[in-house]
Amino acid sequence: MADSKREIERKYEATPEAGLPDLTRAAGVSAVVHRGLSELDAVYYDTEDLRLASDSLTLRRRTGGDDAGWHLKLPVSAGVRDEIRAPLTDSLPPELGDLLRSRVRNAAVNPVVRIFSARDVHHLLDEDGALLAELSIDEVLAERLTEDGHGTTAAWTELEVELADDGDPALLDAVERRLRKAGVRPSAAPSKLARALAETAPGKPPATKAKSKADTKTKTEAKSKTPSPRTAGDHVLAYVRRQVTALVELDPAVRRDLPDSVHRMRVATRRLRSAFRTYRKVLDRTVTDPLRAELKWLAAELGVDRDEEVLTERLRSDVAGLPDTLLLGPVSARLTLTSVARRTGSRRRVASVLDAERYLALLDSLDALLACPPLLPGAARPPRDVLPRAVLKDYERLATRVGHALDLQPGTERDVAMHEARKAAKRVRYAAEAARPALGKPAKKFAKRMKSVQSVLGDHQDSVVARDALRTLAVQAHGAGESAFTWGLLYGQEEAAAAARERELPEVWARASRPKLRAAWKG
């Protein structure tokens, strides 16, 4: 069984002339205790084209030390990674393989680098003897294992400072100040693997000195010389690329059931569908329509879990808002049992979808689209000639749906019409967000107004779904001999909330459809 640990660390270049300073002078550190030497032997795995390394993921099988086993490190932010650990086995544990699937797809994962480390460990303690951070000085020897460059080695010394669990990141700043005063400089490489791959690459001689800030800046500047988006096609493809990246990166988070991960992944699928439909003058529909159908399938499958999550949160909030005197019967217990049962089923369904070949084929198709975009003549035109017109076309569609909903009398037919308007509002909002890098403040303002419309319509739809669930809960409670009073009371509250949203919609819509706002887009 794999377990997870949040790793917050900083790496430094260690040189003979820069010794370890007195770190008890760093704020918060009262003692530095030497914990001894250990030898670590780690084999790092990746695909032939190094897909994991390109996304800053590391997968290794390590022996030695007190945490021998398989380690998968997923980037969170600069200097922060989630390390997923599994017991030491001969082959890759399936639970780690699942977390890699969106990156590797059906490609084989094989050894690419072997790294030996002689580690000298020190513990930084506070005045009570509690661990603040672990500092290690590693003598590293890396060997290339791939056929291309096999046997090439590189050696260096590095210093790592890893924050203790639940530690204050400010400690790392204090320690770094002491290290810098002693001449120790941050490492230019984000990880041992990244440095090993760079220094053992075929035709690349091992580095003989630490990279300076100027070296790093020069490389960063060179990398940033990729042409900025200029045409309408450039901007649409940049937006599509961001959403595809989000799908791939969120896959492990969804599998780990991290908060809000399903919602964010579902939003990425919707944004892609919206871009493909809205910008039909940019990307050829004969290519994007089949992708839209597959994205709709994926969004629907993810929606089962997300909808259960939203419903559970809403009903729990409703129950929590009632005084105890109005909670008749085992209300909280019934809600919890029902929610757990529904969520367990939806989680299994999501897991099966992410393991399906259909899902992997969709990811491959999206990559193929980005590799060879099906651009139409409109893609070559300036953004202001194409993007506003496409967004306003979606806006007119939304206006028709909102007007239809407002013309209907309260009831089921209006509920359905408002739900359709909600979906249209999302599409317009996403389209405006895609246009924002090209069109600036008017696009930002437009998207914000569309979001306000979407919020009102969304809360109304959530109330419709909640009322249906409350009726079911009331029937179940009655059948079990329990009082159904509380469920009926909550049903009435949700009915009133929906009516309030219906009264609010005309005002919100009027603000969103002011002539000057539309004029800004047409300009």
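Owing to the predicted nature of the structure, the values given are computational and were not obtained by experimental measurement.

Trainee: Explain the nonpolar core to me, please; I cannot follow it from the model alone.
Mentor: Nonpolar side chains in soluble globular proteins tend to end up buried together. Counting residues in each nonpolar core, the largest one holds 70 residues, and the members touching the most others are Val240, Leu247, Phe276, Tyr279 and Leu366. Here this core takes twelve residues from helix 12 (residues 412-439), the largest share from any one element. Ignoring anything within four residues of it in the chain, the contact list for Leu247 reads Met265, Ala268, Thr269, Leu272, Leu295, Leu298, Tyr359, Leu363 and Leu366. Grouped together as the second largest cluster of nonpolar side chains are 18 residues, Val29, Leu172, Val175 and Leu179 included.

Trainee: Before we go on, may I ask you to explain the packing of helix 11 (residues 383-407) against helix 12 in this structure?
Mentor: Angle between the axes and distance between the axes are the two parameters that describe a pair of packed helices. It is the contact of helix 11 with helix 12, at a shortest axis distance of 8 Å, that shows an interaxial angle of 165°. Taken together, the axes of helix 11 and helix 12 are roughly antiparallel relative to one another. In terms of crossing hand, the pair formed by helix 11 and helix 12 is left-handed. Residues of the contact of helix 11 with helix 12, tallied by class, amount to 20 nonpolar, one polar and seven charged.

Trainee: Hey, could you run me through helix 2 (residues 94-104) in this one?
Mentor: Side chains of residues three or four places apart in an α-helix project in the same direction, reflecting 3.6 residues per turn. Along helix 2, the residues classified as buried are Leu96, Gly97, Leu99, Leu100, Ser102, Arg103 and Val104. Contacts made by the buried residues of helix 2 are with helix 1 (51-54), strand 3 (58-63), strand 4 (69-77), strand 5 (80-86), helix 6 (232-255) and helix 10 (357-371). Following helix 2 by one or two positions, Arg105 has its phi on the positive side, about 55°.

Trainee: In this structure, what is going on with the packing of aromatic side chains? I would like to understand it.
Mentor: For any pair of aromatic rings, the description consists of the separation of the ring centres together with the inter-plane angle of the planes. Applying the stated criterion across every chain, the model contains three aromatic pairs. Look at Tyr45 and Trp70: their rings are 5.1 Å apart centre to centre, the planes differ by 45°, and that puts the pair in the tilted class. Here Trp70 lies in strand 4 and Tyr45 lies in strand 2 (residues 31-46), a separation of 25 residues in the sequence. The buried category is assigned to Trp70, whose relative accessible area is 1%. Both rings, one in Tyr395 and one in Trp509, keep their centres 5.6 Å apart while their planes meet at 15°; by these two values the pair is stacked. Residue Tyr395 is found in helix 11, and its partner Trp509 is found in helix 14 (residues 485-512); the two are separated by 114 residues along the sequence. Taken individually, Tyr395 and Trp509 each receive the classification buried, so the pair is uniform in this respect.

Trainee: I would appreciate a short explanation of the pattern of salt bridges in the present structure.
Mentor: A pair can form between side chains of opposite charge whenever their charged atoms are brought close. Taken as a whole, this structure holds 52 salt bridges when the rule is applied. A salt bridge links Glu162 to Lys5; the shortest N-O distance between them is 2.8 Å. Taken together, the residues Glu162 in strand 8 (residues 153-163) and Lys5 in strand 1 (residues 3-13) connect sequence positions 157 residues apart. Accessibility expressed as a relative area gives 19% for Glu162, which makes it buried. One salt bridge in this structure joins Glu13 and Arg195, with 3.0 Å as the shortest N-O distance. Pair noted here: Glu13 is in strand 1 and Arg195 is in helix 4 (residues 192-199), with a separation of 182 residues, a long-range link. Overall, the relative accessible area of 8% leaves Glu13 in the buried class. The class of Arg195 is buried, set by a relative accessible area of 8%.

Trainee: Sorry if this is basic, but what is going on with the pairing of strand 4 here?
Mentor: Along a regular strand, successive side chains alternate from one face of the sheet to the other. Where strand 3 meets strand 4, five bridges bridge the pair, whose relative direction is antiparallel. Bridging from a neighbouring strand, Thr58 pairs with Lys73 of strand 4. Linking strand 3 to strand 4, which pair antiparallel, is a turn of five residues; within it Gly64 sits at a positive phi near 90°. Looking at chain direction, strand 4 and strand 5 are connected through seven bridges and run antiparallel. When the sheet's bridge partners are listed, Trp70 is paired in strand 5 with Ala86. Connecting strand 4 to the next strand, strand 5, in antiparallel fashion are two residues, including Gly79 with a positive phi near 75°.

Trainee: Explain unusual backbone geometry here, please?
Mentor: Trans is the prevailing form of peptide bonds, just as negative phi is the prevailing case for residues other than glycine. Unusually for a residue other than glycine, Ser56 sits at a positive phi of about 65°. Along the polypeptide, Ser56 turns up in the loop between helix 1 and strand 3. On the accessibility criterion, Ser56 (44% relative accessible area) is partly exposed. Residues other than glycine seldom take positive phi values, yet Asp166 does so here, at roughly 65°. Topologically, Asp166 is positioned in the loop between strand 8 and helix 3 (170-181).

Trainee: What exactly am I supposed to notice about the pairing of strand 1 here?
Mentor: Pairing between strand 1 and strand 5: six bridges, direction antiparallel. Bridge pairing links Lys5 to Glu83 in strand 5. Sheet topology places strand 1 next to strand 8; five bridges connect them, and they run antiparallel. Residue pairing across strands places Glu9 opposite Glu162, the latter belonging to strand 8. As paired elements, strand 1 and strand 9 (residues 185-186) share two bridges and run antiparallel to each other. When the sheet's bridge partners are listed, Tyr12 is paired in strand 9 with Pro186.

Definitions and limits used
Residues numbered from 1 in each chain as written. Predicted model: local features only at pLDDT ≥ 70, side-chain atom pairs only at ≥ 80, totals over all residues. Heavy atoms only, no water. Core = buried A, V, L, I, M, F, W, Y, C linked by side-chain atoms within 4.5 Å. Buried < 20%, exposed > 50% of the residue type's maximum accessible area, 1.4 Å probe, protein only. Helix = DSSP H or I, 4+ residues; strand = E, 2+ residues; numbered from the N terminus. Contact = heavy atoms within 4.5 Å. Axes fitted to C-alpha atoms, helices over the stretch in contact; angles between N-to-C directions. Parallel < 35°, antiparallel > 145°, perpendicular 65-115°, else oblique. Left-handed = near helix turned anticlockwise from the far one by under 90°. Nonpolar A, V, L, I, M, F, W, Y, C, P; charged D, E, K, R; others polar. Phe/Tyr/Trp six-rings, centres within 6.5 Å; stacked < 30°, edge-to-face > 60°. Salt bridge = Lys/Arg side-chain N within 4 Å of Asp/Glu carboxyl O. Pairing = 2+ DSSP bridges.

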